[in-house]
Amino acid sequence: MKETPTEAQIASHRLMLRAGMIRQSSAGIYSWLPMGFRVLRNIEQIVREEQDRAGAQEMLMPTIQSAELWRKSGRYDDYGKEMLRIIDRGERELLYGPTNEELITDIFASSVRSYRDLPKNLYHIQWKFRDEIRPRFGVMRGREFLMKDAYSFDLEKEGAEQSYLKMFVAYLRTFARLGLRAVPVQADPGAIGGNMSHEFHILADTGESDLYFDAAFEEYTAEQMLKADFGMVKDLRGLYAAADEKHDAANCPVPDGQLRQRKGIEVGHIFYFGTKYSAPMGAAVTSSTGEQVNVEMGSYGIGVSRLVGAIIEASHDEKGIIWPESVAPWKAALINLRYGDAECTAAADGLYEKFQNAGVATLYDDRDERPGVKFADADLIGIPWHVTVGPRGVKAGVVEFKNRATGETVEITPEAALNRLAVKA
Ligand code: 5CA
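Going along each chain's sequence as written, the residues are numbered from 1 onward. Reporting in this predicted model follows two pLDDT cut-offs: at least 70 for local features of residues, and 80 or more for side-chain atom pairs to be given and counted; totals over whole chains, interfaces and linings ignore these cut-offs and use all residues. Calculation of side-chain values draws on the structure's entire complement of heavy atoms; hydrogens and water are dropped beforehand.

Participant: Quick question: what am I supposed to make of the packing of helix H11 (residues 342-357) against helix H14 (residues 414-423) here?
Facilitator: Two numbers describe a pair of packed helices, the interaxial angle and the distance between the axes. The axes are straight lines fitted to the C-alpha atoms, using for helices just the contacting stretch, and the angles between their N-to-C directions are given from 0 to 180°. Each helix is a run of DSSP H or I of at least 4 residues and each strand a run of E of at least 2, with the numbering of both proceeding from the N terminus. Contact geometry for H11 and H14: axes closest at 10 Å, N-to-C directions at 25 degrees. Between H11 and H14, the interaxial angle falls into the category roughly parallel. The crossing of H11 and H14 is right-handed. Contacts between H11 and H14 involve Leu351, Lys354 and Phe355 on the former and, on the latter, Pro414, Glu415, Leu418 and Leu421. Here the contact of H11 with H14 is built from residues that sort into 5 nonpolar, no polar and 2 charged. By the definition adopted for this analysis, an angle is roughly parallel if under 35 degrees, roughly antiparallel if over 145, roughly perpendicular if from 65 to 115, and oblique otherwise. Note on convention: near helix rotated counterclockwise from far helix by under a right angle means a left-handed crossing. Clockwise means right-handed. Here a residue-residue contact requires only that any non-hydrogen atoms of the pair lie within 4.5 Å. Any residue that is not Ala, Val, Leu, Ile, Met, Phe, Trp, Tyr, Cys, Pro, Asp, Glu, Lys or Arg is counted as polar, Gly included; the first ten are nonpolar and the last four charged.

Participant: Any chance you could explain the sheet that holds strand E6 (residues 93-96) here in plain terms?
Facilitator: Sheet strands pair via backbone hydrogen bonds, and the direction of the pair is either parallel or antiparallel. DSSP bridges decide pairing: two strands pair if at least two such bridges lie between them. With antiparallel pairing, the 3 strands of this open sheet are ordered in space as E4-E6-E5. Sheet topology places strand E4 (64-66) and strand E5 (84-87) at the edges, where each strand pairs with a single neighbour. Looking at each pair of strands side by side, their axes are set apart by 40 degrees on average, direction ignored. Summarising the sheet, E5 and E6 pair through 4 bridges and their orientation is antiparallel. Within the sheet, the bridge partner assigned to Ile87 lies in E6 and is Glu93.

Participant: What is the right way to look at unusual backbone geometry in this model?
Facilitator: Leaving glycine out, the prevailing phi sign among residues is negative, and the prevailing peptide bond configuration is trans. Here the amide bond leading from Leu118 into Pro119 is cis, since omega sits at 0 degrees, within 30 degrees of zero. We note that Phe137 has phi near 60 degrees; this positive angle belongs to a residue other than glycine. Summarising the element assignment, Phe137 is placed in the loop between strand E7 (120-129) and strand E8 (144-154). Look at Phe137 and you get buried, because its relative accessible area is 12%. Burial classification: accessible surface area is computed with a 1.4 Å probe over protein chains only, and a residue below 20% of its type maximum counts as buried, one above 50% as exposed, and the rest as partly exposed.

Participant: Could you clarify how one ought to interpret the packing of aromatic side chains in this entry?
Facilitator: The description of an aromatic ring pair uses the distance of the two centres, along with the angle that the planes make with each other. Classification of ring pairs uses Phe, Tyr and Trp, with its six-membered ring standing for Trp, and accepts pairs whose centres are within 6.5 Å; under 30 degrees between planes counts as stacked, over 60 as edge-to-face, and the remaining range as tilted. Overall, the coordinates contain 12 aromatic pairs when judged by the stated rule. Judged by centre distance (5.0 Å) and plane angle (75 degrees), the ring pair of Phe273 and Tyr277 falls under edge-to-face. Of the residues examined, Tyr277 reaches a relative accessible area of 0% and is grouped as buried. Clustering of aromatic rings is evident, with ring pairs tying together Phe168, Tyr171, Phe175 and Phe200. The ring of Tyr76 carries Arg85 above its face, with NZ or CZ at 4.6 Å from the centroid. In our convention, an over-ring charge means Lys NZ or Arg CZ found within 6 Å of a ring centre and within 35 degrees of that ring's normal.

Participant: Would you mind showing me how to read the layout of surface pockets here?
Facilitator: Space left empty within the atom packing is revealed by a probe, the size of a water molecule, rolled over the atoms. Estimated volume of the largest pocket: approximately 990 Å³. Lining the largest pocket we find 48 residues, and of these Arg130, Arg141, Glu266, His269 and Arg306 sit closest to its centre. Of all elements in the fold, only E8, strand E9 (182-186), strand E10 (196-203), strand E11 (209-214), strand E13 (259-274), strand E16 (296-303) and helix H10 (304-314) reach the threshold of two or more residues within the lining of the largest pocket. In terms of residue count, E13 provides more of the lining of the largest pocket than any other element does, 7 residues in total. In terms of residue class, the lining of the largest pocket is made up of 18 nonpolar, 15 polar and 15 charged. Cavities and pockets are defined on a 1 Å grid built over the protein atoms alone: a cavity is a set of grid points where a 1.4 Å probe fits but cannot escape, while a pocket is an open set with protein on both sides within 12 Å along at least five of seven lines, and lining residues are those with an atom within 4 Å of any such point. Grid points are joined across faces, edges and corners, and a volume is the space filled by probe spheres set on the points. Of the voids in this model, the second largest pocket is the one considered here, and its volume is about 450 Å³. Arg367, Val373, Asp377, Ala378 and Leu380 are, among the 20 residues lining the second largest pocket, the residues nearest its centre. Ranked by residue count, the leading element in the lining of the second largest pocket is helix H12 (residues 371-381), at 7 residues. Of the residues in the lining of the second largest pocket, the class split is 12 nonpolar, no polar and 8 charged. Both domains that furnish three or more residues to the lining of the second largest pocket are identified here as domain 1 (11-321) and domain 2 (332-424). Residue ranges for the domains trace back to a domain assignment, done automatically or taken from a database.

Encoded structure:
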């Protein structure tokens with residue numbers, strides 16, 4: 001888009017619309033256009049790799065669920081207007097899933113019988129629907145949104161705590177790989193219920209939560225987070241962090257100079273809720289002594305589509321988006337400066353083929369447009385590296401190689417550009 005869309009109130013929403021990543025189809029419901037979809041996929045893949053690494057197994061449950069299951073847990077009425085209810089042609093009551101505790105517990109109950117099959121952690125990455133009163137900020141608070149939700153099953157409380165810690169570690173690693181600094185905050189379990197819960201927040205002025213936390217959080221680097229283990233989780237949990245509902249200025253243990261107050265975007269939420277669902281839904285296994293034991297459960301959510309907006313909130317400037325390399329829709333933008341110049345176009349075409357052969361995800365700007373338009377668009381859509389082929393450079397045997405984040409530009413040979421991109425895999 002050339003103009004700034006007036007309906008968008010925050011930078012990420014404006015930039016996603018201007019860059020052509022999404023298109024609203026109705027309130028809080030979006031189509032993902034090619035570039036937006038590539039980013040969504042990249043985020044999803046990092047989330048998936050870290051779940052798999054933590055020992056969770058991927059599956060796929062449907063978006064449509066039966067009301068009957070939700071009556072068993074008692075949440076059908078509790079959920080209220082946020083739940084989209086559907087009646088099929090046989091007058092059966094269905095709903096578009098806002099979350100999956102009931103369905104997964106039912107699947108577990110009908111397939112797992114013995115303590116020997118535990119522990120188990122199952123997850124899926126699937127669209128959810130919540131009929132939010134005020135969908136806003138684009139994909140940040142949508143009605144239809146993509147969530148990763150994992151569910152752990154253990155025989156005993158101690159095991160369930162281990163499962164919780166494993167997910168905690170996976171979350172620290174996931175957000176670090178996404179180029180984000182996430183603060184884990186002790187939280188209220190809310191509608192999911194239970195006795196232990198943490199939210200993971202990205203710090204951004206446009207966040208919807210007010211956070212208060214120990215400045216020591218700011219000292220953790222992405223490299224450290226990538227090496228997260230149970231010990232680090234213990235350290236982090238020992239640091240004060242609370243959202244405003246829980247923060248009590250009079251009794252806060254952190255001295256004023258050490259306390260930070262910032263807005264946060266909730267990108268993940270984990271819960272331990274014991275037998276809240278397994279008991280009413282009959283999810284029990286036989287223990288080693290032959291008793292029937294209701295399994296101990298937890299659930300672990302990540303807002304995959306919200307993350308697209310959250311990453312932009314955390315990483316943009318006045319020119320546009322600055323993608324972290326791990327999620328960028330393409331690693332390189334190859335800009336042919338003079339479309340009408342046969343020599344220049346031949347050089348750019350040749351380089352594009354080399355980039356492709358080297359496996360460098362490249363967006364080739366071969367439009368018949370002015371250089372200024374091309375540079376501005378490459379900046380707007382935030383591709384990490386810009387390689388510009390112009391008539392003068394072709395004669396001198398060089399291309400312009402620009403780092404989007406720093407703006408630093410160097411003239412190097414096309415081979416050197418290719419090497420730099422191919423190495424930084
Ligand atoms: N069943 C649990 C965990 S699997 C659950 O549903 N948790 S949740 O309600 O906290 O949602 C998990 C994550 O989904 C949130 O942390 C948030 O990042 C994302 N999310 C929730 N509501 C929305 C929404 N309306 N739009 C975009 N993302 C959302």
